[in-house]
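Structure assessment
Letter by letter, the chains look like this.
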Amino acid sequence: MNGSVPQAVQEFMNQTWEQIEPRYQELAARPLTSANITDWLKAWTHLSALVEERGSRLHLATTQDTTDTEAQQRYLSFMGEIYEPVQAADQRLKQKLLDSGLEPEGFEIPLRNLRAQAALFREENLPLQTEEQRLAQEFNRIVGAQTIQWEGEELTIPQLQPIFLEPDRERREQAWRLALTRQLQDRESINGLWQRFMELRGRIAANAGQPDYRAYVWQQKLRFDYTPEDCFTFHAAIEQEVVPAATRIYERRRQLLGLPTLRPWDVNPNLAPSAIPPLHPFEEGTELEEKGMAVFNRVDPVLGGYFDTMRQEGLLDLVNRKGKGPGAYCTSFEVSKRPFIFMNGVGVHDDVQTLLHEAGHAFHVFETGPIPYFQQLEVPMEFAEVASMAMELLAAPYLPASEGGFYSEADAARAEIEHLEALITFWPYMAVVDAFQHWVYEHHDEGSDPAKCDAKWAELWQRFIPGLDWSGLEEEMKTGWHRKRHIHRSPFYYVEYGLAQLGAVQVWANALTNQQQAVADYRRALALAGTVTLPELFKTAGARFAFDADTMRRAVTLIERRIEELEQKAA
């Protein structure tokens with residue numbers, strides 16, 4: 001069989017299922033013994049890597065240009081004509097491995113995962129999942145097409161970010177209102193998509209014999225180490241320990257800006273008083289790349305080398321443009337064992353943080369390169385996000401230009417303060433997003449009603465983010481769930497950020513004492529991939545997997561103390 005399997009993904013990109021299927025059939029027919037299990041797993045891993053990289057490349061093309069209808073069709077055709085039957089074929093191979101009773105070295109966690117996946121799999125869900133992907137592409141298309149006219153120029157919503165940081169409050173408000181007016185024009189379209197998402201997800205859960213879609217996702221995401229009740233404990237800890245700290249930040253910002261109340265266009269953590277210009281870290285994407293590489297070299301020369309490889313091999317798409325899909329992500333090309341970073345940089349400090357974040361994911365891909373089998377690469381997202389969020393904090397000492405970074409000493413201190421404040425204000429927002437999704441899928445009928453979703457979002461917003469003045473902007477506030485793409489495209493993928501951020505702050509706490517040791521522990525944990533449990537991954541990185549108020553209190557106390565220290569440098 002090996003001679004008929006392409007070694008390079010380029011040879012595989014246009015192959016039909018009729019050409020691919022015999023390779024799966026041969027693996028399914030091959031007798032499985034302790035003597036040949038290694039070769040069998042290697043063959044399956046290579047075939048899986050070809051499929052995954054083909055899918056990653058096709059999906060990337062749809063987000064690099066949302067107006068490219070051919071790219072959209074190629075991806076959807078792949079999902080329906082290749083990925084659907086591949087999943088069914090993979091299921092047969094998973095069952096073959098489980099039935100064999102063989103337990104290869106390093107496979108305790110992968111076998112646990114395979115059992116859960118095999119129990120959840122239903123062939124009748126494959127076309128439904130393809131349809132879900134199609135709806136996600138439609139959501140991307142709607143959002144990617146949102147532009148406004150600003151001073152005679154057509155701008156995307158992300159391209160307004162620099163205006164949101166200007167000291168002229170009237171201009172900020174004008175830009176914010178134009179953006180929200182444009183986004184609200186798509187309200188009915190997104191509501192209609194939402195109802196179709198909910199109907200599909202209800203059917204997927206029912207087909208799999210699950211009581212609701214949340215139970216389905218919990219097993220799909222292999223969440224063995226915590227429960228929905230733990231999430232509620234986490235929400236309560238955030239409400240108790242973080243919401244007061246976030247409220248203190250908003251009050252300091254209100255006083256600093258000299259305002260009677262904070263409005264939505266006043267809360268960007270990178271916003272400065274009128275006497276201080278906003279942080280402007282770079283002009284062009286090449287500058288972002290060059291200074292980013294200098295920072296990574298200072299964190300760790302090996303990590304800097306990884307980033308240089310990405311630059312040399314064209315694995316970066318960092319700058320916003322019209323028609324580009326929203327957001328940022330790091331994908332991986334499994335055959336070449338390379339990551340790719342996609343983002344929408346426009347020249348603001350958030351872009352630096354985004355690059356640091358996505359580079360953490362990219363470094364995870366490099367560090368797991370020696371892992372032999374794809375089943376061992378199933379890293380829990382709760383730790384995958386530690387890889388990214390810890391990198392934002394580990395890189396902070398090297399943001400000054402004297403270290404090769406982006407800013408003067410004072411501006412670097414400002415940037416770090418803004419990032420630390422954003423950590424605190426993020427946790428309550430994360431709680432809103434996560435609690436909203438629990439409610440939606442616990443109450444499927446109500447959650448399918450966009451008007452009830454609006455009401456629930458408003459209720460949660462007022463619970464976790466008090467003190468902001470949304471008077472006269474009630475429609476804009478309660479439709480905030482429209483503007484959180486994870487809710488639509490990646491349900492329940494958000495609490496990971498909050499849990500990982502708590503882990504990342506613990507890694508950072510270690511770095512404040514011994515940066516070199518903290519980075520070494522971080523890299524050692526990344527290299528484990530999915531071969532150990534989630535708590536063990538956190539422990540290796542020097543952190544504890546936690547939901548409780550005490551751990552949260554220690555994190556908030558450390559952050560606030562560090563902000564006080566940095567304020568002296570930023571003055």
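Along each chain, the written sequence defines residue order, and numbers are assigned to residues from 1. At least 70 in pLDDT is required for a residue's local features to be given in this predicted model, at least 80 for side-chain atom pairs to be given and counted, and no such filter applies to totals for whole chains, interfaces and linings, which use all residues. Only hydrogens and water are set aside; all other atoms, that is, all heavy atoms of the structure, feed into the side-chain values.

1. Thoughts on the overall build of the chain
- Here a strand is any run of E in DSSP of at least two residues, a helix any run of H or I of at least four, and the numbering for each starts at the N terminus. Tallying secondary structure elements over the chain gives 24 helices and 5 strands in all.
- Just to be clear, the radius of gyration here is over C-alpha atoms, and the globule rule we use is 2.2 Å times residues to the power 0.38. For a compact globule of 571 residues, the expected C-alpha radius of gyration is about 25 Å, and the chain comes in at 24 Å, within 12% of that figure.
- Oriented by its inertia axes, the alpha-carbon framework of the chain measures out at about 75 × 50 × 45 Å.
- Throughout, exposure labels follow a simple rule: accessible area from a 1.4 Å probe, protein chains only, divided by the maximum for the residue type, with under 20% read as buried, over 50% as exposed, and the rest as partly exposed. When burial is assessed residue by residue, the chain has 58% of its 571 residues classed as buried.

2. Topic: the pattern of salt bridges
- We define a salt bridge as a side-chain nitrogen of Lys or Arg found within 4 Å of a carboxyl oxygen belonging to Asp or Glu. With the rule as written, the count across this model stands at 44 salt bridges.
- One salt bridge in this structure joins Arg-338 and Glu-313, with 2.8 Å as the shortest N-O distance. Here Glu-313 lies in the loop between helix H13 (301-312) and strand E3 (316-319) and Arg-338 lies in strand E5 (residues 338-345), a separation of 25 residues in the sequence.
- Residue Arg-338 is classed as partly exposed on the basis of its relative accessible area, which comes to 23%.
- According to the relative accessible area criterion, Glu-313 is partly exposed, its value standing at 42%.
- In this structure, a network of salt bridges that share partners links the residues Arg-187, Asp-454, Glu-475 and Lys-478.

3. Some details on the packing of aromatic side chains
- Whether two aromatic rings pair depends on their centres lying within 6.5 Å, for rings of Phe, Tyr and Trp, where Trp uses its six-membered ring; planes under 30 degrees apart make the pair stacked, over 60 edge-to-face, and the rest tilted. Tallied over the entire structure, the rule returns 37 aromatic pairs.
- Taken together, a centroid distance of 5.0 Å and an interplanar angle of 55° make the contact between Phe-296 and Phe-307 tilted. Of this pair, Phe-296 sits in helix H12 (residues 285-299) while Phe-307 sits in helix H13, and the two are 11 residues apart along the sequence. The pair formed by Phe-296 and Phe-307 is uniform in burial state, with each residue classed as buried.
- A cation sits over an aromatic face here: Arg-54 above Phe-12, 5.7 Å from the ring centre.
- Geometrically, a lysine NZ or arginine CZ counts as sitting over a ring once it is within 6 Å of the ring centre and also within 35 degrees of the ring normal. The cationic tip of Arg-57 hangs over the ring face of Phe-333; the distance from NZ or CZ to the ring centre is 4.0 Å.

4. Brief notes about the packing of helix H5 (residues 108-120) against helix H10 (residues 213-220)
- Every angle, taken between N-to-C directions, lies between 0 and 180 degrees, and every axis is a line fitted to C-alpha atoms, over only the stretch in contact when it is a helix. Remark: H5 packs on H10, axes separated minimally by 9 Å, with the N-to-C direction vectors making an angle of 145°. Judged by residue contacts, Ala-116, Ala-119 and Leu-120 of H5 engage Tyr-216, Gln-219 and Gln-220 from H10. Only heavy atoms enter the contact rule, under which two residues are in contact if any of them lie within 4.5 Å.

5. Description of the side chain of His-482
- In this structure, His-482 sits in the loop between helix H19 (474-478) and helix H20 (485-489).
- Relative accessible area serves as the criterion here: at 6%, His-482 is assigned to the buried category.
- Among all residues touching His-482, those that are not within four sequence positions of it are Phe-139, Arg-187, Ile-190, Asn-191 and His-488.

6. Examining the nonpolar core
- For our purposes a nonpolar core is just a set of buried Ala, Val, Leu, Ile, Met, Phe, Trp, Tyr and Cys residues, chained together by side-chain atoms within 4.5 Å. Core analysis: the biggest nonpolar cluster contains 157 residues, and Phe-234, Phe-383 and Trp-427 have the highest contact counts within it.
- Ranked by residues supplied to this core, first place goes to helix H16 (residues 409-442) with 19 residues.
- Non-local contacts of Phe-383, meaning those with residues more than four positions away in its chain, are made with His-364, Ala-525, Leu-526, Leu-534, Leu-537, Phe-538 and Ala-541.

7. Some thoughts on the side chain of His-419
- Note that His-419 resides in helix H16.
- Those residues within four positions of His-419 in sequence are excluded, and the remaining contacts are Gln-353, Glu-392 and Leu-393.

8. Some thoughts on H10
- Of all the positions in H10, only Tyr-213, Arg-214, Tyr-216, Val-217 and Trp-218 are classed as buried.
- Next to the buried residues of H10 lie H5, helix H6 (126-144), helix H9 (187-207), helix H11 (228-257) and H16.
- Polar contacts, as used here, are pairs of N or O atoms within 3.5 Å; protein pairs need one atom able to donate a hydrogen and one able to accept it. Residues neighboring in sequence count only if both atoms are side-chain atoms. Between the side-chain oxygen at the start of H10 and the backbone nitrogen of Arg-214 there is a gap of 3.1 Å, and the oxygen is on Asp-212.
- Count one or two residues on from H10 and you reach Leu-222, which has phi positive near 55°.

9. Some remarks on the pairing of E5
- When you tally the buried positions in E5, you get 7 out of 8 residues, the bulk of the element.
- When DSSP finds two or more bridges between two strands, those strands count as paired. Sheet topology note: the E3/E5 ladder contains 3 bridges and is parallel. Among the inter-strand pairings, Val-319 is bridged to a residue of E5, identified as Gly-345.
- Bridge count for strand E4 (residues 329-333) against E5 is 5 bridges, and the pairing is antiparallel. By the bridge assignment, Cys-330 is partnered in E5 with Ile-341.

10. Description of the state of the cysteines
- A pair of sulfur atoms, both from cysteines and within 2.5 Å, is called a disulfide here. Within this structure, the stated rule accounts for 0 disulfides.
- With no disulfide of its own, Cys-231 lies closest to Cys-453 among cysteine sulfurs, the gap being 19 Å.
- Here Cys-231 falls in the buried class, since its relative accessible area comes to 1%.

11. Overview of unusual backbone geometry
- In the Ramachandran plot, Glu-151 falls in the positive-phi region, its phi being about 50° despite a non-glycine side chain.
- As for its position among the elements, Glu-151 is in the loop between strand E1 (147-150) and strand E2 (153-156).
- Taking the relative accessible area as the measure of exposure, Glu-151 reaches 61% and is therefore exposed.
- Phi at Lys-337 takes a positive value of approximately 55°, unusual for a residue other than glycine.
- By secondary structure assignment, the location of Lys-337 is in the loop between E4 and E5.
- Owing to a relative accessible area of 36%, Lys-337 belongs among the partly exposed residues under this scheme.

12. A closer look at the sheet that holds E3
- Spatially, 3 strands are ordered E3-E5-E4 in an open sheet, and the strand pairing comes out mixed. The open sheet terminates on both sides in strands that have one partner only, identified here as E3 and E4. The mean angle between the axes of side-by-side strands here comes to 15°, regardless of whether they run parallel or antiparallel.

13. Some points on the environment of Ala-215
- Tracing the sequence through the fold places Ala-215 in helix H10.
- Taking the C-alpha atoms as reference, Ala-215 lies 47 Å from Glu-170; in sequence the two are 45 residues apart.

14. Focus on the environment of Gln-161
- Tracing the chain through its elements places Gln-161 in helix H7 (residues 161-164).
- Looking at Gln-161, the relative accessible area reads 25%, which means it is partly exposed.
- Sequence separation between Gln-161 and Asn-268 is 107 residues, and the spatial gap between their C-alpha atoms is 9.6 Å.

15. A few points about helix H14 (residues 349-367)
- Taking 1.5 Å of rise per residue, the 19 residues of H14 would be expected to cover 27 Å, and the 27 Å separating its terminal C-alpha atoms lies within 8% of that figure.
- Most of H14 is tucked away: 17 of the 19 residues are buried. Expected span of a helix, by definition, is 1.5 Å for each gap between consecutive residues, and there is one gap fewer than residues.

16. Examining the environment of His-357
- Secondary-structure assignment places His-357 in helix H14.
- For His-357, the contacting residues outside a window of four places in its chain are Glu-385, Ser-388, Met-389, Glu-392 and Tyr-497.

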